[in-house]
Amino acid sequence: REASASLCAHALLTNDTTVIQDARSDDRFHDNPRVTGPPGIRFHAGRPLAAPNGLTASTRDRAKSAPAHSPASAATFIALLSADVNESPRIRCA
C-alpha cells in the first residue's frame with residue numbers, strides 16, 4: 001500500500017497522535033481511496049509506537065466507518081487507544 005493512501009502514515013510523519021474525526025470533511029483525507037471507497041473510513045486515530053531505543057517502529061491505529069460525533073468522544077477513543085498501547089507487549093529490537 002502506498003504511504004499517501006495510508007492514514008496512519010500521518011502519525012508516523014508527525015511522530016504524534018493523530019485524530020481525524022471525519023475524514024470525508026478533512027482536507028488531507030477527503031479524496032483518500034480508503035475514505036472514498038472500501039472500507040469507507042470516517043474516523044481514524046493513530047499513535048506512533050517507539051522501540052526502547054526511541055526510534056518509531058510502527059503505529060497503533062483504530063478506524064471506524066462512522067465519524068466521531070464530538071471532541072469528547074474522540075478524546076475518549078484516544079484514551080482507550082493509549083491504554084491499549086500501554087498494555088501491549090514492549091517492542092523489542094533484535
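The structure displayed is predicted, hence computed values, not measured ones. (Residues numbered from 1 in each chain as written. Predicted model: local features only at pLDDT ≥ 70, side-chain atom pairs only at ≥ 80, totals over all residues. Heavy atoms only, no water.)

1. Focus: the overall build of the protein
Across its full length, the protein holds three helices and three strands. The order of α-helices and β-strands along the protein, N terminus first, is α-β-α-β-β-α. Across the 94 residues in the protein, those meeting the buried criterion constitute 33%. For the protein, the share of sequence-separated contacts (at least 6 apart) that also reach a separation of at least 24 residues comes to 53%. Surface accessibility of the protein: about 5,900 Å² in total, with carbon and sulfur atoms responsible for 52%. (Helix = DSSP H or I, 4+ residues; strand = E, 2+ residues; numbered from the N terminus. Buried < 20%, exposed > 50% of the residue type's maximum accessible area, 1.4 Å probe, protein only. Contact = heavy atoms within 4.5 Å. Areas by Shrake-Rupley, 256 points an atom, 1.4 Å probe, with all protein chains shown as cover.)

2. Structural notes on the nonpolar core
Leu7, Ile20, Ala23, Phe29, Val35 and Ile41 form the largest nonpolar core, which has six residues in total. Setting aside residues no more than four positions away along its own chain, alanine 23 makes contact with Phe29, His30, Val35, Ile41 and Arg42. (Core = buried A, V, L, I, M, F, W, Y, C linked by side-chain atoms within 4.5 Å.)

3. Topic: the packing of aromatic side chains
Applying the stated rule across the entire model yields zero aromatic pairs. Over the face of the ring belonging to phenylalanine 43 we find lysine 64, whose NZ or CZ atom lies 5.8 Å from the ring centre. (Phe/Tyr/Trp six-rings, centres within 6.5 Å; stacked < 30°, edge-to-face > 60°. Lys NZ or Arg CZ within 6 Å of the ring centre and 35° of its normal.)

4. Considerations on the pattern of salt bridges
Across all of its chains, the model carries two salt bridges by this definition. For aspartate 26, the salt bridge is made with arginine 28, and the minimal N-O distance between the two is 2.8 Å. Overall, aspartate 26 belongs to the buried group, its relative accessible area being 15%. A relative accessible area of 47% means that arginine 28 is categorised as partly exposed. (Salt bridge = Lys/Arg side-chain N within 4 Å of Asp/Glu carboxyl O.)

5. Observations concerning the environment of threonine 36
Inspection of the secondary structure assignment puts threonine 36 in helix α2 (residues 33-36). Using a relative accessible area of 57% as the deciding quantity, one classes threonine 36 as exposed. The sequence separation of threonine 36 and arginine 24 amounts to twelve residues, and the corresponding C-alpha distance is 7.7 Å.

6. Side note on the pairing of strand β3 (residues 56-64)
Walk down a regular strand and you will see the side chains alternate between the two sheet faces. Judged from the eight bridges that link them, strand β2 (residues 43-50) and β3 form a sheet pairing that is antiparallel. Counterpart to phenylalanine 43 in the pairing with β3 is lysine 64. Remark: five residues form the turn of the hairpin made by β2 and β3, two consecutive strands paired antiparallel; glycine 54 in that turn has positive phi of roughly 95°. (Pairing = 2+ DSSP bridges.)

So, to be careful, I would describe these as geometric facts and stop short of saying anything about function.
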